[in-house]
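Listed below, chain by chain, are the residues.
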Amino acid sequence: MDKSHILSISVAVVGAVCFLVHHLLNSMWFRSERLRRKLWMQGIKGPSPSLIYGNLPEMQKIQLNALTSTPNNADIVAHDYTSSLFPYFVQWRKEYGPIYTYSTGTRQHLYVNQAELVKEMNQCISLDLGKPSYITKRLAPMLGNGILRSNGPLWAQQRKIIAPEFFMDKVKQVMVELMVESMQPLVRKWEDSIEAQSGVMADIRVDEDLRGFTADVIARACFGSSYSKGREIFSKLRKLQTAISKQSFLFGVPGYGLLPMKKQNEILSLEREIESLIWETVKERESKCKEASEKDLLHLILEGALNDQSLGEDSSKRFIVDNCKNIYFAGHESTAVAASWCLMLLALHPQWQSRVRAEVAQVCGGSLPDADSVSRLKTVTMVIQEALRLYPPAAFVSREALEEIQLGNVTIPKGTCLWTLIPTLHRDAEIWGSDANEFKPERFSDGVSKACKYPQAYIPFGVGSRLCLGRNMAMVQLKIVLALIISKFTFSLSPKYRHSPAYRMIVEPGNGVHILIRNI
Ligand code: HEM
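In the nomenclature of an unreviewed UniProt entry, the protein chain corresponds to Cytochrome P450 from the organism Gossypium tomentosum. Its UniProt record gives the protein chain a comment under Subcellular location (unreviewed entry), which states: "Membrane".

Okay, structure coming up:
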């Protein structure tokens, strides 16, 4: 090889390296830097980022330094879990106020915890405000391209088809009875535990029983007659969820929190098994879809997808598989965790147990709750609203500006991710008053609009056009859980209970909720 040849190869190699370095710097630094500048110019400040990893090292340092002390029972309600789970957000809020910007290296974020701006997010119907792709990408095996993950016209189309199945009249008409039925094994199990433990009292960990109940409800609501196959699908989805949740979601940097090969293979094979099980069920049903009288959720979604001319055959099937997974994922865990938090708070407040018990007796008159009585359980609703205020299972509302977008007087540059920390808004004394950290369901006696200064800041089910689609179903389900448990048992916190909220994609009681129950 002659000298000129060697020289031209070297030049090419150096060029390629320069291109790569430029590309990396551009994606990892300059892009973030551009967004940061646009935000800074509008007076939005934040911690100074380091090269490559932005504020991640600082976040980890603050997290390590955060006190891991467990509050004693007297402090449980006053305890705001953000201080232990997301201490960097709390610290930066003190330093920079309710709106600030920070970086995770490749991503620039905007922390939005100001009621006015949350109101703007609530009113924004633009498709340019979507779900952050870097987070949802990791959930792809679990969610496919279903409603939780998709953005733009695909999302709008899915929402249009699915939403009517969760309207309140549908929930009452179709789901109340099956929810009451699904609660019966739990009630019997707890009665048996009392019998087995002493005949007077039992120490129970409620979480798995409640998960069993909500999974059962979703399986029945979705699959109706193919219910046993539904359970099989959902038990595999649960395994998949556990495998995926080992990744870190908040840090959007390659290499942070990625899974080893073995786990990734496990995820892939679970994904395939689940898909073929759902396909089988869908195929069985496709033929029956037109004439069958029984209309479960899968059936209705199938019908909606088949009737939508804009979906081809393949995409209508994809639509069903993906959204079946999405509804399971969105619907069962969050409701079960909300029920656990409700029971924990009621265990601490026996006077509210008595009020709920009296109301259930008066409204249901000794019968099981039905579609009519459920809507008249006002005190139960207040208790649930207060529990969702203090312990919202979803910690964040997250968005990405898919194009540059204007929210109030802030111009959000394309690519910025927005984070609203729900529990922080829910405990803001400016919004809720000086008793914001107390359990006071009576604040909701005249509805959310009278409970606080800015009702748009009460967001347990999210905001705007992406508001939780299953909120009616969740509220009805929670009312049935509380009504049935409280009319059978009294309960207090067990000495085994350790208050330790944990973030595992949703915020759940880290060591479960242990209660001591007695028959009424
Ligand atoms: C207490 C129980 C629940 C809580 C706290 C909860 C909370 C949430 C939150 C915070 C969001 C995100 C909203 C946003 O980004 O603005 C969401 C979305 C969603 N939830 Fe729920 N949820 C619950 C129960 C359910 C149930 C029972 C279902 C259905 C079976 C469901 C289906 C969905 C769906 C499909 C979405 C995505 C909506 C979209 O992106 O268009 N959720 N939920």
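*Asks:* I keep staring at the packing of aromatic side chains and nothing clicks. Help me out?
*Replies:* Ring pairs (aromatic) are described by centroid distance and by the angle formed between their planes. Summed over the entire model, instances satisfying the criterion amount to 21 aromatic pairs. Consider the rings of Phe86 and Phe89, whose centres lie 6.3 Å apart with planes at 40°: the pair is tilted. Judged by relative accessible area, which is 1%, Phe86 ranks as buried. Relative to Tyr503, the ring of Phe396 lies with its centre 5.9 Å away and its plane at 85°, an arrangement referred to as edge-to-face. Of the two residues, Phe396 is situated in strand β5 (residues 396-401) and Tyr503 in strand β10 (residues 501-504); the sequence distance between them amounts to 107 residues. Judged by its relative accessible area of 28%, Tyr503 is partly exposed. Taken together through their ring pairs, the aromatic side chains of Phe86, Tyr88, Phe89, Trp92, Tyr96, Tyr100, Tyr102, Tyr111, Phe396, Trp419 and Tyr503 make up a single cluster. Arg389 extends its terminal NZ or CZ atom over the ring of Trp432, reaching a point 5.1 Å from the ring centre. Above the plane of the ring of Tyr391 lies Arg427, whose end atom (NZ or CZ) is 5.7 Å from the centre.

*Asks:* Honestly, the sheet that holds strand β8 (residues 417-421) in this entry has me stumped. Any pointers?
*Replies:* Two strands in a sheet stick together by hydrogen bonds in their backbones, pointing the same way (parallel) or opposite ways (antiparallel). Pairing in this open sheet of five strands is mixed, and the strands run β1-β2-β8-β5-β3 from one edge to the other. Sheet topology places β1 (99-103) and β3 (129-130) at the edges, where each strand pairs with a single neighbour. Sheet strands in contact with helix α4 (residues 87-96) are β1, β2 (108-112), β5 and β8, and its direction is about 125° off that of β1.

*Asks:* What's the story with the site of the ligand in this structure? I'm lost.
*Replies:* Lining the immediate surroundings of the ligand are 26 residues, of which Lys131, Trp155, Arg159, Arg399 and Cys468 lie closest. Within the side chain of Arg159, a nitrogen or oxygen atom sits 2.7 Å from an oxygen atom of the ligand. Where the shell around the ligand is concerned, the elements lending two or more residues are α8 (152-162), α14 (313-348) and α21 (471-488). A breakdown of the residues in the shell around the ligand according to their chemical character gives 17 nonpolar, five polar and four charged.

*Asks:* Before we go on, may I ask you to explain the pattern of salt bridges in this structure?
*Replies:* Should their charged atoms come close, side chains of opposite charge can pair. Counting across every chain of the model gives 26 salt bridges. With a closest N to O distance of 3.2 Å, Arg211 and Glu508 form a salt bridge. Of the two residues, Arg211 is situated in helix α10 (residues 207-223) and Glu508 in strand β11 (residues 506-509); the sequence distance between them amounts to 297 residues. Accessibility assignment for this pair places Arg211 and Glu508 in one class, buried. Two residues, Asp216 and Arg220, come together in a salt bridge whose shortest N-O distance is 2.8 Å. Of this pair, Asp216 and Arg220 both sit in helix α10, four residues apart, which is roughly one turn of the helix. Exposure remark for Asp216: the relative accessible area of 7% places this residue in the buried category. Through salt bridges with shared partners, a single network forms among Glu208, Arg211, Arg238, Glu333, Arg504 and Glu508.

Rules used in this analysis
- Residues numbered from 1 in each chain as written.
- Predicted model: local features only at pLDDT ≥ 70, side-chain atom pairs only at ≥ 80, totals over all residues.
- Heavy atoms only, no water.
- UniProt positions renumbered as here; feature names shortened; annotations may be inferred.
- Phe/Tyr/Trp six-rings, centres within 6.5 Å; stacked < 30°, edge-to-face > 60°.
- Buried < 20%, exposed > 50% of the residue type's maximum accessible area, 1.4 Å probe, protein only.
- Helix = DSSP H or I, 4+ residues; strand = E, 2+ residues; numbered from the N terminus.
- Lys NZ or Arg CZ within 6 Å of the ring centre and 35° of its normal.
- Pairing = 2+ DSSP bridges.
- Contact = heavy atoms within 4.5 Å.
- Axes fitted to C-alpha atoms, helices over the stretch in contact; angles between N-to-C directions.
- Near = heavy atom within 4 Å.
- Polar contact = N/O pair within 3.5 Å; in protein donor to acceptor, adjacent residues only side chain to side chain.
- Nonpolar A, V, L, I, M, F, W, Y, C, P; charged D, E, K, R; others polar.
- Salt bridge = Lys/Arg side-chain N within 4 Å of Asp/Glu carboxyl O.

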